[in-house]
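Coordinates in review
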Amino acid sequence: MTGVRGARVASAAPARAARVSRACRFMLGLTAATAVLAGCASGTTETTPDPTGTTAPGTTASAAPDVTGTTPQGTLLVADFGGDTVTFVDPGRDGAGEGTAPIASVEVGTAPYGLVVGEDGRAWVATAEGVAVVDTQRRTRLGTVPYETETGPVTTGEYRGGGMGIALAPDGRHVYVGVNVPGGNGTLEVIDTATREVTGVAGIGRRPFDVDVSPDGREVYATDHDSFDVTAVDADTLRTRRMEVAPYGTEGGLGSWLKPHYAVVRPQDGRLLLPFEGERLAVLDPRSGKVTIERMTANTHQHGAALAPDGTLLVVGTGPIGSADEGPSLTVRAPGGEERIIPLDGPHEDVAVSADGRSAYVTGGFTRDGYWNGITVVDLRDEKSEPVRLEAGNRPLGIAIL
């Protein structure tokens, strides 16, 4: 019944468009990138107006910039659910987590949850009061798109109203954000990325932890945590259909732990993969609504998920909810179903994977007590290596790789 994905939110693998769309290819060689990092000061960067000199309709204006250099490719970006910022983190040499440090933070709004980054380098961050737009190269906020949905007073914490899961259309023209309405069903809001205006709203289920998009961009999927289902939304008409995903049943209602949290869309067939409790992987065919179950082995409460370029599924185990459960872990599941379980130190929430499939980055900003302000780096190719912990933002949840 708790927890937070990019988002999902959010994710950095090319196959996980909902949370981790790749950023623009910054024209920096390795030597230049190192020099930039050496010259970047930590701390909060003030927000700035749109570089064109205009603020798009429907967005809030921002203040003067204080920008140092540009952001190297491979930098990690996390949503600071415990603060009002996103933080840029240097993943170290070869992205292995050694010799790392936060580069800078940018104010985005209350309790940012999921985020997604487009090919143009703009990040879209789901906060309690709107979707913030961040220029990741200059590390400045361009504005905020307010929600059309009424979510009540702006608050913080696990059950706050406002944006949760967020995704970007494959063509980059629209952002889809799942908006939580405390005590009721949520909505999916559609944002035009050119005008930064909300152009449509569709009704979905309760507490949309995650949002994903079909490979062809025709459907959007909201993972509705508290209603035990996934809502499919037609991207053109905004017509919806709900598909129950409850491999343990729905007994216990809102008090149940056994609910869907995050999903990934398998590119080759468009099926959604939803992990449950380190025991069951629900495979949802959105065309028929049929769910098949595959066995998992981590035996721990699970949240964030991502797909590596080779189809390997990564799933974050947050830790036990029962006396017989195992501790926090990262499941590395090969396309054929074989699993390797990597223990983690303390609760974690979401995960992104590098473009070469070598490194997984797991955020420590769990929504319940026990969270920590960092990222665990896991070398997926060297089974003998120990995970590396690096400093990040304040309770980091959603993550993307620039």
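Anything mentioned here points back to the structure above.
Residues numbered from 1 in each chain as written. Predicted model: local features only at pLDDT ≥ 70, side-chain atom pairs only at ≥ 80, totals over all residues. Heavy atoms only, no water.

Before going further, it helps to spend a moment on the overall build of the protein chain. For the protein chain, the count of helices and strands is two helices and 29 strands. Residue burial in the protein chain is summarised as follows: out of 402 residues, 60% are buried. Within the structure as shown, the protein chain displays about 14700 Å² of accessible surface, and the carbon and sulfur contribution to it stands at 48%. (Helix = DSSP H or I, 4+ residues; strand = E, 2+ residues; numbered from the N terminus. Buried < 20%, exposed > 50% of the residue type's maximum accessible area, 1.4 Å probe, protein only. Areas by Shrake-Rupley, 256 points an atom, 1.4 Å probe, with all protein chains shown as cover.)

A separate point is the side chain of Thr 85. If you trace the backbone, Thr 85 turns up in strand 3 (residues 85-90). A polar contact of 2.5 Å, which involves the side chain of Thr 85, links it to the side chain of Asp 80. Aside from chain neighbours lying at most four places away, what touches Thr 85 is Val 78, Ala 79, Asp 80, Ser 105, Val 106, Glu 107, Val 108, Gly 109 and Pro 112. (Polar contact = N/O pair within 3.5 Å; in protein donor to acceptor, adjacent residues only side chain to side chain. Contact = heavy atoms within 4.5 Å.)

Spatially, four strands are ordered 9-10-11-12 in an open sheet, and the strand pairing comes out antiparallel. Since the sheet does not close on itself, it has two edges, and those belong to strand 9 (162-168) and strand 12 (197-203), each with one partner. Each strand of the sheet is rotated relative to its neighbour by a mean of 25°, with strand direction disregarded. Where strand 11 (residues 187-192) and strand 12 come together, six bridges link them in antiparallel fashion. Within strand 12, the position partnered with Glu 189 by the bridge is Val 201. (Pairing = 2+ DSSP bridges. Axes fitted to C-alpha atoms, helices over the stretch in contact; angles between N-to-C directions.)

Here we take up the environment of Gly 370. Checked against the element boundaries, Gly 370 lands in the loop between strand 26 (359-363) and strand 27 (374-379). As a C-alpha pair, Gly 370 and His 348 span 22 residues in sequence and 9.1 Å in three-dimensional space.

This paragraph deals with the nonpolar core. Ranked by size, the top nonpolar core spans 16 residues in total, and within it Leu 77, Val 86, Phe 88, Leu 115 and Val 125 carry the most contacts. Within the residue set of this core, elements represented by two or more residues are strand 2 (76-80), strand 3, strand 4 (101-107), strand 5 (115-117), strand 6 (122-126) and strand 7 (130-135). Here the element with the most residues in this core is strand 4; it accounts for three residues. In this view, Val 86 contacts Leu 77, Val 78, Ala 79, Asp 80, Ala 104, Ser 105, Val 106, Val 108, Leu 115 and Val 125; residues no more than four positions away in its chain are not counted. Among the nonpolar cores identified, the runner-up in size contains 15 residues, and Trp 124, Val 133, Leu 142 and Val 198 belong to it. (Core = buried A, V, L, I, M, F, W, Y, C linked by side-chain atoms within 4.5 Å.)

Now for the environment of Val 233. Tracing the chain through its elements places Val 233 in strand 15 (residues 229-234). Considering only alpha carbons, one finds Val 233 and Leu 188, 45 residues apart in sequence, at a separation of 8.4 Å. Excluding its chain neighbours within four sequence positions, the residues that come into contact with Val 233 are Leu 188, Ala 202, Ile 204, Arg 218, Glu 219, Val 220, Leu 238, Arg 239 and Thr 240.

The next point concerns the sheet that holds strand 18 (residues 272-276). Within the open sheet, the four strands sit side by side as 17-18-19-20. Their pairing is antiparallel. Across the chains shown, the open sheet's two edge strands, defined by having one partner strand only, are strand 17 (264-265) and strand 20 (291-295). Looking at chain direction, strand 19 (residues 280-284) and strand 20 are connected through five bridges and run antiparallel. Residue Val 283 lies in a different strand from strand 20, and its bridge partner there is Thr 292.

This part is about the environment of Glu 189. For Glu 189, the location among the structural elements is in strand 11. Given the relative accessible area of 0%, Glu 189 is considered buried. In the structure, Glu 189 is positioned 41 residues away from Glu 148 in sequence and 7.7 Å away in space, judged by C-alpha atoms. Not counting the four nearest positions on each side in its chain, Glu 189 is found in contact with Pro 146, Tyr 147, Glu 148, Thr 149, Val 175, Tyr 176, Val 177, Val 179, Val 198, Gly 200 and Val 201. A distance of 2.6 Å separates polar atoms of two side chains, one belonging to Glu 189 and the other to Thr 149.

Our next topic: unusual backbone geometry. With a phi angle near 55°, Arg 207 is a residue other than glycine that sits in the positive phi range. Looking at the element boundaries, Arg 207 is found in the loop between strand 12 and strand 13 (208-213). Its relative accessible area of 4% is what places Arg 207 among the buried residues.

Moving on, we come to the pattern of salt bridges. Note that side chains of opposite charge can pair when their charged atoms are close. The full count for this structure, using the stated rule, is 17 salt bridges. Between Arg 207 and Asp 226 there is a salt bridge; the shortest N-O distance is 3.7 Å. You can see Arg 207 sitting in the loop between strand 12 and strand 13 and its partner Asp 226 sitting in the loop between strand 14 (219-224) and strand 15, a full 19 residues away along the chain. Here the two residues Arg 207 and Asp 226 agree in accessibility, since each one is buried. Here the residues in one salt-bridge network are Arg 266, Asp 269, Arg 271, Asp 285 and Arg 287, joined through shared partners. (Salt bridge = Lys/Arg side-chain N within 4 Å of Asp/Glu carboxyl O.)

Across all of its chains, the model carries four aromatic pairs by this definition. With centroids separated by 6.1 Å and ring planes inclined at 80°, the aromatic side chains of Phe 209 and Tyr 262 adopt a geometry described as edge-to-face. Of this pair, Phe 209 sits in strand 13 while Tyr 262 sits in the loop between strand 16 (240-244) and strand 17, and the two are 53 residues apart along the sequence. With a relative accessible area of 0%, Phe 209 lands in the buried category. The buried category is assigned to Tyr 262, whose relative accessible area is 0%. On the numbers, 6.4 Å between centres and 45° between planes, the contact of Tyr 248 with Phe 276 is tilted. (Phe/Tyr/Trp six-rings, centres within 6.5 Å; stacked < 30°, edge-to-face > 60°.)

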